[in-house]
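Notes for the structure review
As a plain string of letters, each chain reads:
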Amino acid sequence: MESKFKELYDRLPVFGQNIILSGYSAILDHQRYSGKFNSFKKLLEESQYYSSEQLNNYQQNKLQDLIAYSYRHVKYYRKIMDERNLTPDDITTIEDLRKLPILTKDLINKNFTDLLSDEYDMASVAKGHTSGTTGSPLEICYSNDLIHINYAMLDRQYAWAGIKLKRFGDRIAVIRGNVIVPLHQNKPPFWRHNYFHNHILLSSFHMSQDNLASYIDKLERFKPKVIDGYPSTVYVLAKYLKNSGRKLKLEAVLTSSETLFDFQRELIEDSFQCKIFDYFGAAERVLFSTECDKHEGHHIASEYGITEVLDKNDQPVNKGQTGYLVATSLHNRAMPLIRYMTNDMSAVKNGLCSCGRNLPLMDDVATKAEDLLTLKDGRLISPSVLTHPFKPLTSIIESQIIQEDLDNIVIKLVTSSEFSQADEVELIHGLSERLGKDVNIRIEKVDFLTRTTSGKFKWVISKVALGI
Ligand SMILES: [Zn+2]
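Report on the accompanying structure. Please read these numbers as outputs of a predicted model, since none were measured by experiment.

1. Quick look at the coordination of the zinc ion
Coordination of the zinc ion by the protein is provided by Cys292 (SG), His299 (NE2), Cys353 (SG) and Cys355 (SG), with metal-donor distances spanning 2.1 to 2.3 Å. For the zinc ion, the 4 donor atoms are set out with angles of 103 to 119° between them, so the coordination reads as tetrahedral. Spacing between the donor residues of the zinc ion along their common chain follows C-x6-H-x53-C-x1-C. Of this pair, His299 sits in strand 10 (residues 298–300) while Cys355 is found in the loop between strand 13 (340–346) and strand 14 (361–362), placing the two residues 56 residues apart along the sequence.

Printed below as a string of structure tokens:
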């Protein structure tokens, strides 16, 4: 939310905040479920039962359209194809894609304007921000089609879990990164209502041991069919249920945006007496994969994009072998991302799912392992919610959050020369908004960030032992 609007929102009584949230959701609803949403939804209902050959044909037709379009309307692709003496006729199959180079985040930053289609302009196109595994922000432009297919994908994922997602649909509890409850508030309600969608939004920022009982009491009264949230946050609720000898029966838990660890899945499924339907949607919207009710892996949505798994020399690996996920969006005309390197790792499984769908299966995405931050008042903070203040700051190349002790957090930054005092103030403000004013946040500019001995990078290092 804009800071002026946020100030006003924070001063409203709870009921007023509920009304604002519901109204805002109605506006968003119109944007999400208009345009091609219905035709995508219908396609996804049918295509989930396509044969492998039908799926392949769908992808190749879409790919041919995308390549022809990109050659005609996107300067960057015209240039790289001309340099290689390629025309759209040379790229007609999925194997042909390898004739084109990998698109890295760095290349996007360097060729940002040239990657935008000449049919779209920056002022009117939808934009998204993402932070990669090393915390470096990236801006991507999206066409409306991509937004509509994204919501159609989400709709199918909910349908696989037996839940009706749309307006006035099933009761859903959402626990994600939005600051919907003022941070200084120290008494319930630590949630707000979206009456339009029949959702309750729970704050991820007030989850201290003292407050958790009120969260669970509220969930018992609200009776959601499903909780949708980050695994680490839903885990806090599940752990509290276990510690207090309680269970809360739901029909499904939907998790996404973070690595879902086995220990989290076991406890969450036990405490909520239902299955987890994990889904993975890369923030750059090039790849969407979802679990069906057989839970034999994540089905890659072939209708959404083309996914390759490559080794560190950009060569394809065999099925069953882990590699880097490189993906091509089939629906983003505003800024086509072709062979985009995601920084996430996984493997395509051998064999198909016993549910009968031919959409390929992928292992869980193994990104960085993340710790929860523990604050002095006992609140537990999921690292995913801390990614938000970094996203608009393009002058940050890499970042790392280190919690030294309960009072002190150090943010290590590798920055470009554009990084300004104002950026620093904005970052600290965004983090304080989430962690509280009494945490001392210090920025430390460094030339590089250290990796673990295995070469892995941890975005968050918490030196404080978990409080639960
Ligand atoms: Zn399946």
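2. Quick notes on the side chain of Arg265
Locating Arg265 in the fold gives a position in helix 10 (residues 262–271). A polar contact is formed between the side chain of Arg265 and the side chain of Glu291, at a distance of 3.2 Å. Excluding anything up to four places from it in sequence, Arg265 contacts Leu260, Ile276, Asp278, Glu291, His295 and Asp364.

3. Comments concerning the nonpolar core
Membership of the largest hydrophobic core comes to 81 residues, with the highest contact counts inside it found for Tyr77, Leu100, Ile108, Tyr158, Leu254, Leu287 and Leu337. The residues touching Tyr77, leaving out its near neighbours within four places in the chain, are Ser70, Leu103, Leu115, Pro336, Leu337 and Ile338. In this structure, Leu202, Tyr215, Val234 and Leu380 belong to the second largest nonpolar core, which totals 30 residues.

4. Focus on the pattern of salt bridges
In this structure the tally under the stated criterion is 24 salt bridges. When the shortest N-O distance is used, the salt bridge between Lys247 and Asp270 registers 3.1 Å. Of this pair, Lys247 sits in the loop between helix 9 (231–243) and strand 7 (252–255) while Asp270 sits in helix 10, and the two are 23 residues apart along the sequence. Between Arg442 and Glu444 there is a salt bridge, and its shortest N-O distance comes to 3.6 Å. Among the residues examined, Glu444 registers a relative accessible area of 26% and is labelled partly exposed. Linked by salt bridges that have partners in common, Arg265, Glu269, Lys275 and Glu291 make up one network.

5. Let's talk about a nonpolar patch on the surface
Taken together, the side chains of Phe5, Leu8, Leu12 and Ile20 define a hydrophobic patch exposed on the protein surface, amounting to about 310 Å² of accessible area. Summarising the element assignment, Ile20 is placed in helix 2 (residues 14–32).

6. Topic: the environment of Ser289
Its location among the elements puts Ser289 in strand 9 (residues 288–291). Of the residues examined, Ser289 reaches a relative accessible area of 0% and is grouped as buried. In this structure, the C-alpha to C-alpha distance between Ser289 and Asp278, residues 11 residues apart in sequence, is 8.7 Å. If we skip the residues at most four places from it in the chain, Ser289 touches Asp278, Tyr279, Phe280, His298, His299, Ile300 and Met362.

Rules used throughout
- Residues numbered from 1 in each chain as written.
- Predicted model: local features only at pLDDT ≥ 70, side-chain atom pairs only at ≥ 80, totals over all residues.
- Heavy atoms only, no water.
- Donors = N, O, S within 2.8 Å, 3.2 Å for Na, K, Ca; no water.
- Tetrahedral: all angles 85-135°; square planar, octahedral: opposite > 155°, others 65-115°.
- Helix = DSSP H or I, 4+ residues; strand = E, 2+ residues; numbered from the N terminus.
- Polar contact = N/O pair within 3.5 Å; in protein donor to acceptor, adjacent residues only side chain to side chain.
- Contact = heavy atoms within 4.5 Å.
- Core = buried A, V, L, I, M, F, W, Y, C linked by side-chain atoms within 4.5 Å.
- Buried < 20%, exposed > 50% of the residue type's maximum accessible area, 1.4 Å probe, protein only.
- Salt bridge = Lys/Arg side-chain N within 4 Å of Asp/Glu carboxyl O.
- Patch = residues over 30% accessible without salt bridge, like charges linked within 9 Å, V, L, I, M, F, W, Y side chains within 5 Å.
- Areas by Shrake-Rupley, 256 points an atom, 1.4 Å probe, with all protein chains shown as cover.

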